[in-house]
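Next come the chains, spelled out residue by residue.
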Amino acid sequence: MTGRLLLVCRLLARDLRRRRVETALLLLAISAATATLTLGLALNDALAKPYERTRAATAGPDVVATPGATGPAALAALAPLATAPGVTAHSGPYPIGYLMLTARGRTVQAVVQGRDDSPAALDRPAVTGGTWVRPGGVVVESAFAAALDMRIGDTVSIDGRPLRVVGTAVTAARAVYPRADWRAGAGSILTESAGLVWVDRGEIGALAGARPLSYTLNLRYADPHVGTSFTHKLEDGIEYTSWTEIAEANGRLVTGARLALLVGSWLLTALAVVGVATIVAGRVADQRRRVGLLKAVGAGPAMVAAVHLAEHLVVGFAAAGAGLAAGWLAAPALTDPGAGLLGATGAPPPGLRAVVAGTALALAIAAAATLAPVLRAATTDTVRALADAATPPRRRGWRVWLSRRMPTALLIGVRVNARRPRRARLVMVNTLITTTGLAALLMGLRQDRQVGLGGAELANPRDARTIQAMLLVIGVLCVLGLVNAVVSTWTAVLDARHPLAVARTLGATPAQVTTGMAVAQLLPATLGVTVGIPAGIGLYLMVSAGEQRYAPVSWLLAMACAVLLAVAALAAVPALAAARRPVADVLRSTPA
């Protein structure tokens, strides 16, 4: 047993040392899928923890009360709540006006809250830039300021009255832009998208003019479960909004991004399996002679399988660590709470769930892609393994008749695929998955990414973050698909160098050989693109809610042509290099 283990370790070290490029490609393919899964898991609590940090830093309330009445009637309705049983702290009531704000030539809806310059017991907005409210100045909620591209020192107008932007701040007492809940009239229960601003309490009456003011009261209870026992309720003419409702509203900002990463992790996992299978199939094919030698000296199928599986499982463990580290380092780009909440410095290390899931995924990819070719090699007859012959094409009458009428380049491409049909299927699946992701991205880019705020439209932070996640995933998907295509092309050229040399001795020109190898890759790739475009459109429609706009046909055709041109170029470069090698050298170096 010790001797066999020592042999496996020696062969493992030898293969890793001699096949560094292939090992690096294996590591890259599995790491990409693991990193994407880590990002998806990191987004699950992306908005919960920043909201909790914001709530703690700003003394956020458990419940926010807003009466349906306005003016003195609203104050009378809120007065008993401050001294109600179980209430340990309160702040307010603060006057609120639902007004129109004009900045940089755009007029939008804004929830204007009047505040004092002294700190409150509850809801003390954290200033992220500039200063707190003062007469003649306005403080803008940070996400709202970012959407309007407002800077400290700018002049804005609220219902025609100019004010100077003196600061930006964040709060946990109201949802971030665009969920600040603007109302067409004070006391109305119908809400619209808007941003939040604060002004000096003594000026809000003049800003509102003849419009009645609403009021809001922040409450904290001795029993913390009061704030989690409900999300929103209307009782005795007063709306009660719990902090969990505000946290959920903020969490919707990353719902689309989380879904994009989840679906992207599925696509990357499938593409990683294809890439690993391509590399493993090429390695096992190259090592088929060694399989025959091992079996000839007495090694059984279990020993042969263990030699190959051990190498790829070790790479899987290394890829799990690399993928977890990459996901951890990339997480702040997507899990950053944005301008509307307080973030943390750095990123927390992956949790136990992420480590277990990432390691399991990496090993599953390595095992799933390795198992079939390894078992096939282990059960191969010893004499056949030593001969190392490719799959012979099935010669049928109609095929022979058709091949006589094919152009030389097309005939070469068909015969290359007939010798290694599994490789052709992997090329098709690789192109299909890549095209599916690109088609889904084009669908996402076609959608309207604006949110209406009365007189103007601004960028929707939720959609912007979703597109950011999609671009990240599709970028990684394209890189991995490109790596798979390069590996598949080089493997095909190296495997077919002897048949191509024979074809050249029979009269085929280097140009025909090069074109034939490109055709060998384009035939399955064309099928993958044809199926991938409707698959990508269907995938986007399946995971998206509401009415969606379709990507223009010109976009899809341009994408399909670009994918096929990339496949052809990647196939032509190594084929052209191989075609320049003298035929005699190829035939001497490659066994017949």
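Please read all numbers here as calculations on a predicted model, not as lab measurements. (Residues numbered from 1 in each chain as written. Predicted model: local features only at pLDDT ≥ 70, side-chain atom pairs only at ≥ 80, totals over all residues. Heavy atoms only, no water.)

Time to look at the packing of helix 14 (residues 408–419) against helix 18 (residues 510–543). Their axes nearest at 7 Å, the elements helix 14 and helix 18 cross at an angle of 55°. Of the possible angle classes, the one that applies to helix 14 and helix 18 is oblique. You can see that helix 14 and helix 18 cross each other, and the crossing is right-handed. Contacts from T408, A409, L410, I412, G413, V414, V416 and N417 in helix 14 reach Q512, V513, T515, G516, M517, V519, A520, L523 and P524 in helix 18. (Axes fitted to C-alpha atoms, helices over the stretch in contact; angles between N-to-C directions. Helix = DSSP H or I, 4+ residues; strand = E, 2+ residues; numbered from the N terminus. Parallel < 35°, antiparallel > 145°, perpendicular 65-115°, else oblique. Left-handed = near helix turned anticlockwise from the far one by under 90°. Contact = heavy atoms within 4.5 Å.)

The subject of this paragraph is the environment of H498. Secondary-structure assignment places H498 in helix 17 (residues 497–505). Sequence spacing of H498 and V583 is 85 residues, and the spatial spacing of their C-alpha atoms is 8.9 Å.

Another aspect to go through is the nonpolar core. In this structure, I30, I365, L477, L480, I533, L556 and M559 are the most contacted members of the largest nonpolar core, which totals 49 residues. When residues of this core are traced back to their parent elements, those giving at least two are helix 2 (20–42), helix 8 (255–286), helix 10 (301–335), helix 11 (352–378), helix 15 (421–446), helix 16 (461–495), helix 18 and helix 19 (553–579). Among the elements that line this core, the one with the most residues is helix 8, at 11 residues. Those residues in contact with L556 that lie beyond four places of it in its chain are A439, L442, I533, I537 and A551. By size, the runner-up hydrophobic cluster in this structure holds 42 residues, among which are V63, F230, V451 and A456. (Core = buried A, V, L, I, M, F, W, Y, C linked by side-chain atoms within 4.5 Å. Buried < 20%, exposed > 50% of the residue type's maximum accessible area, 1.4 Å probe, protein only.)

We now examine the side chain of Q447. Looking at the element boundaries, Q447 is found in the loop between helix 15 and strand 14 (450–452). Within the structure, the side chain of Q447 is placed 2.7 Å from the backbone oxygen of M443, a separation counted as a polar contact. Once residues within four sequence positions are removed from consideration, Q447 is found in contact with Y540, Q548 and R549. (Polar contact = N/O pair within 3.5 Å; in protein donor to acceptor, adjacent residues only side chain to side chain.)

In this section: the pattern of salt bridges. For the structure shown, the criterion picks out eight salt bridges. Taking the shortest distance from any N to any O, the salt bridge between R201 and D116 comes out at 3.6 Å. One end of the pair, R201, is in the loop between strand 10 (195–200) and helix 6 (204–208); the other, D116, is in the loop between strand 3 (106–115) and strand 4 (126–130), with 85 residues separating them in the sequence. Note that R161 is salt-bridged to E203, the shortest N-O span being 3.9 Å. Residue R161 is found in strand 7 (residues 161–170), and its partner E203 is found in the loop between strand 10 and helix 6; the two are separated by 42 residues along the sequence. (Salt bridge = Lys/Arg side-chain N within 4 Å of Asp/Glu carboxyl O.)

On to the environment of V276. Within the element layout of this structure, V276 appears in helix 8. Separated by 211 residues in sequence, V276 and V487 place their C-alpha atoms 9.8 Å apart.

For A77, the location among the structural elements is in helix 4 (residues 71–78). Assessed through its relative accessible area of 28%, A77 is described here as partly exposed. Counting along the chain gives 161 residues from A77 to I238, while the straight-line C-alpha distance between them is 7.9 Å. Excluding its chain neighbours within four sequence positions, the residues that come into contact with A77 are P67 and I238.

Enumeration over the complete set of coordinates arrives at two aromatic pairs. Their ring planes at 55° and their centres at 5.7 Å tell us that W132 and W198 sit as a pair that is tilted. On the criterion of sequence distance, the pair formed by W132 in the loop between strand 4 and strand 5 (137–141) and W198 in strand 10 is long-range, its members being 66 residues apart. Just as W132 is buried, W198 falls in that class too. If you follow R55 out to its NZ or CZ, it ends over the ring of W243, 4.4 Å from the centre. (Phe/Tyr/Trp six-rings, centres within 6.5 Å; stacked < 30°, edge-to-face > 60°. Lys NZ or Arg CZ within 6 Å of the ring centre and 35° of its normal.)

With an omega dihedral of 0°, the bond running from G92 to P93 counts as a cis peptide bond. Looking at where P93 falls in the secondary structure, it is placed in strand 2 (residues 87–103). Geometrically, the link from Y177 to P178 is a cis peptide bond, its omega value of 5° lying close to zero. As for its placement among the helices and strands, P178 is situated in the loop between strand 7 and strand 8 (182–183). The residue D149 is not glycine, and still its phi comes out positive at about 55°. Here D149 is to be found in the loop between helix 5 (142–148) and strand 6 (155–158). Phi at D159 takes a positive value of approximately 50°, unusual for a residue other than glycine.

Our focus in this paragraph is a nonpolar patch on the surface. Residues L259, L262, W266, M542 and V543 make up a contiguous nonpolar surface patch of about 480 Å² in total accessible area. Counting residues per element, the nonpolar patch draws most heavily on helix 8, at three residues. Looking at where V543 falls in the secondary structure, it is placed in helix 18. (Patch = residues over 30% accessible without salt bridge, like charges linked within 9 Å, V, L, I, M, F, W, Y side chains within 5 Å. Areas by Shrake-Rupley, 256 points an atom, 1.4 Å probe, with all protein chains shown as cover.)

In contact at an axis separation of 10 Å, helix 15 and helix 16 are set at 160° when each is read in the N-to-C sense. Classed by the angle they form, the pair helix 15 and helix 16 counts as roughly antiparallel. Helix-helix and strand crossings are classified by hand; for helix 15 and helix 16 the assignment is left-handed. Within the contact of helix 15 with helix 16, the residues separate by chemical class into 14 nonpolar, eight polar and two charged. (Nonpolar A, V, L, I, M, F, W, Y, C, P; charged D, E, K, R; others polar.)

Where burial is concerned, most of strand 3 is hidden: eight out of the 10 residues are buried. Pairing of strand 2 with strand 3, which is carried by eight bridges, proceeds in the antiparallel orientation. Bridge assignment links M100 to a residue of strand 3, and that residue is Q109. Strand direction decides the pairing type here: strand 3 and strand 10, joined by six bridges, are parallel. Paired with G114 across the strands is V199, a residue of strand 10. (Pairing = 2+ DSSP bridges.)

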